[in-house]
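For reference, the chains in residue letters:
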Amino acid sequence: AQKVTQAQTEISVVEKEDVTLDCVYETRDTTYYLFWYKQPPSGELVFLIRRNSFDEQNEISGRYSWNFQKSTSSFNFTITASQVVDSAVYFCALHYNQGGKLIFGQGTELSVKP
Amino acid sequence: DVKVTQSSRYLVKRTGEKVFLECVQDMDHENMFWYRQDPGLGLRLIYFSYDVKMKEKGDIPEGYSVSREKKERFSLILESASTNQTSMYLCASSSSGLAGSTSTDTQYFGPGTRLTVL
């Protein structure tokens, strides 16, 4: 079965703190993609990153970094020096080799306080 | 930039009305999707389409239908709206594209429509 688990429902931090959002996935496929999306209060899901199952290199984009570990089936997302504008719901998603569908986690609501 | 637009940000309808939610994408994507999002339930796939005039049921198709007459447009139809269909509706599109392309199968979302059925 395909499944994505984001165990952290809500996280609250103070501005400038680092924060890590956890994502654990399950799939029997050997080829798959993992995604992170951000949903600010306006409601639109904004694409952040796509990771191929064959590429375990970590990725950094500004204050954002992602750690992909196949051994633990995890794809964690870290925000360094968090800012109030990072406050949003963050979704991890799995795309498996069956027709373009995504399996979403339940989302983690991040609140960054000034 | 990929742009996905939805016809309304907010919509209020009455029970029993027929409701149309429209979604348009401007990137020539083959695939289009309709989700609903509810607190505590996350995003759930209602219907999707791989091509014009093609449609596939998602996880919760009951009470909904879809139409895709043109590649860029994917409509979600509530034949007889009910109060339990009050929700946030999100449309997305993606390209089947070239194998290995970083954009292939990445879904891009519209701004969402908050539908209230009274």
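For clarity, every value in this text was computed on a predicted model and none was experimentally measured.

A. The arrangement of the sheet that holds strand S3 (residues 19-25) of chain B in detail. Residues and elements named next belong to chain B. One open sheet holds the four strands; their spatial order is S1-S3-S8-S7, and the pairing between them is antiparallel. This sheet does not close on itself; its edge strands, each paired only once, are strand S1 (4-6) and strand S7 (65-70). With strand direction ignored, the average angle separating the axes of adjacent strands in the sheet is 20 degrees. In terms of strand pairing, S1 meets S3 through three bridges, oriented antiparallel. By the bridge assignment for S3, Thr5 is matched with Val24.

B. Summary view of the environment of A:Thr31. Residue and element names in this part refer to chain A. Residue placement: Thr31 occurs in the loop between strand S4 (24-26) and strand S5 (32-39). Here Thr31 falls in the partly exposed class, since its relative accessible area comes to 31%. It is 6.9 Å that separates the C-alpha atoms of Thr31 and Tyr96, two residues lying 65 residues apart in sequence.

C. Expanded view of the state of the cysteines. Under the counting rule described, the total for this entry stands at two disulfides over all chains. Residue A:Cys23 pairs covalently with A:Cys92 via a disulfide, S to S 1.9 Å. One disulfide, between A:Cys23 and A:Cys92, carries an S-S torsion of -65 degrees and so falls in the left-handed class. Of the two residues, A:Cys23 sits in the loop between strand S3 (19-21) and S4 while A:Cys92 sits in strand S10 (residues 88-96), which places them 69 residues apart along the sequence. A:Cys92 matches A:Cys23 in its accessibility class, with the two residues each being buried. Paired by a disulfide, B:Cys23 and B:Cys91 hold their sulfur atoms 1.8 Å apart. Between B:Cys23 and B:Cys91 the disulfide shows an S-S torsion of about -80 degrees. By sign, it is left-handed. Of this pair, B:Cys23 sits in strand S3 while B:Cys91 sits in strand S9 (residues 87-94); the two residues are 68 residues apart in sequence, bridging distant segments of the chain. Pair check on accessibility: B:Cys23 and B:Cys91 agree, each one buried.

Criteria and thresholds
Residues numbered from 1 in each chain as written. Chains lettered and ligands numbered in written order. Predicted model: local features only at pLDDT ≥ 70, side-chain atom pairs only at ≥ 80, totals over all residues. Heavy atoms only, no water. Pairing = 2+ DSSP bridges. Helix = DSSP H or I, 4+ residues; strand = E, 2+ residues; numbered from the N terminus. Axes fitted to C-alpha atoms, helices over the stretch in contact; angles between N-to-C directions. Buried < 20%, exposed > 50% of the residue type's maximum accessible area, 1.4 Å probe, protein only. Disulfide = S-S within 2.5 Å.

Without other data, these values stay purely geometric and don't point to any function.
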